Amino acid sequence: MGINETRFGFMDEGWATLFEYLSGPPFYGQEMADELFKGFRVTGWTKDRSGDMDIPIITPGTSLTGKALGNNQYGKAALAYLALKDLLGDAQFRKCLHAYMDRWHGKHPIPWDFFYTFNNVNEKSLDWFWQNWFFSTNYMDLELTQVIRKPKGSEVHISNPGGMAIPFDLIVTYVDGSVEKRHLTPAIWEADNKRIVLTVNNKKAVKSALIDGGVFLDANPANNSYTAQ
């Protein structure tokens, strides 16, 4: 494809960064691949409080400079594609991506061609996801606000002050020492990207709970856990 990299570099460099990350584990293991990706591509965005770090990915590269340009087109875009992969699942993600490559081979797609192709092949609109990741000023920040014991199960309340539709693992430790780990895809944020309530085991009391975003580094990890008093 002939991408206008000067204007929409994330259509090129974001994919290159994602594939670089995904190709790492066979060579040096998943843990090292995660650490390298976080250190080199994610931390510079999530830990920087500068206003230009929250500029939408869709912003033309010709309007950006410095760290804002690098983060938007490389690490931030790679996370968007990784979140999309998590949302669709490997098989559907691959199907949509290959269709995009086939349809636009030898041509000059713009971002909307990418968005519309995935919508079409997926046979379900992903406009809410594109808006969330590519057009908003959202950032990655979840908060585990409270755990409430109910007759039908404990309710785990999670807010999303950053607004970004990111996947995460919820790790719950019960008073008997057993541990439950549940993976939540970005789909959990489609209806409401500000707060969700998850119900866990109704026969056990919760001792502690933890949100683990993996490479989707939280801007404020201090509020990602809960411990029963």
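Bear in mind the structure is a predicted one, so any value in this text is a computation, not a measurement.

Draft legend 1. Quick peek at the pairing of strand S6 (residues 206-212). Pairing of strand S3 (residues 168-174) with S6, which is carried by 6 bridges, proceeds in the antiparallel orientation. In the sheet register, Asp169 faces S6, and the bridge partner there is Asp212. Pairing of S6 with strand S7 (residues 225-227) involves 3 bridges; the strand directions are antiparallel. Bridge pairing links Ala209 to Tyr226 in S7.

Draft legend 2. The arrangement of a nonpolar patch on the surface in detail. Nonpolar side chains collect at one region of the surface, where Phe27, Tyr28, Met32 and Leu36 lie side by side and expose about 470 Å² of accessible area between them. Counting only elements with at least two residues in the nonpolar patch, the list comes to helix H2 (25-28) and helix H3 (30-46). For Met32, the location among the structural elements is in helix H3. Judged by its relative accessible area of 44%, Met32 is partly exposed.

Draft legend 3. Summary view of the environment of Val42. Here Val42 lies in helix H3. In this view, Val42 contacts Phe37, Leu79, Met140, Val215 and Leu217; residues no more than four positions away in its chain are not counted.

Draft legend 4. Up close: the packing of helix H1 (residues 13-22) against helix H4 (residues 66-88). Where H1 meets H4, the closest approach of the two axes is 7 Å, and the angle between their N-to-C directions is 65 degrees. With respect to their mutual orientation, H1 and H4 come out roughly perpendicular. The element H1 and its partner H4 pack so that their crossing is right-handed. Residues Glu13, Gly14, Trp15, Thr17, Leu18, Tyr21 and Leu22 of H1 touch H4, and the partners they reach there are Gln73, Tyr74, Ala77, Ala78, Tyr81, Leu82 and Lys85. In the contact of H1 with H4, the residues fall into 9 nonpolar, 3 polar and 2 charged.

Calculation notes
- Residues numbered from 1 in each chain as written.
- Predicted model: local features only at pLDDT ≥ 70, side-chain atom pairs only at ≥ 80, totals over all residues.
- Heavy atoms only, no water.
- Pairing = 2+ DSSP bridges.
- Helix = DSSP H or I, 4+ residues; strand = E, 2+ residues; numbered from the N terminus.
- Patch = residues over 30% accessible without salt bridge, like charges linked within 9 Å, V, L, I, M, F, W, Y side chains within 5 Å.
- Areas by Shrake-Rupley, 256 points an atom, 1.4 Å probe, with all protein chains shown as cover.
- Salt bridge = Lys/Arg side-chain N within 4 Å of Asp/Glu carboxyl O.
- Buried < 20%, exposed > 50% of the residue type's maximum accessible area, 1.4 Å probe, protein only.
- Contact = heavy atoms within 4.5 Å.
- Axes fitted to C-alpha atoms, helices over the stretch in contact; angles between N-to-C directions.
- Parallel < 35°, antiparallel > 145°, perpendicular 65-115°, else oblique.
- Left-handed = near helix turned anticlockwise from the far one by under 90°.
- Nonpolar A, V, L, I, M, F, W, Y, C, P; charged D, E, K, R; others polar.

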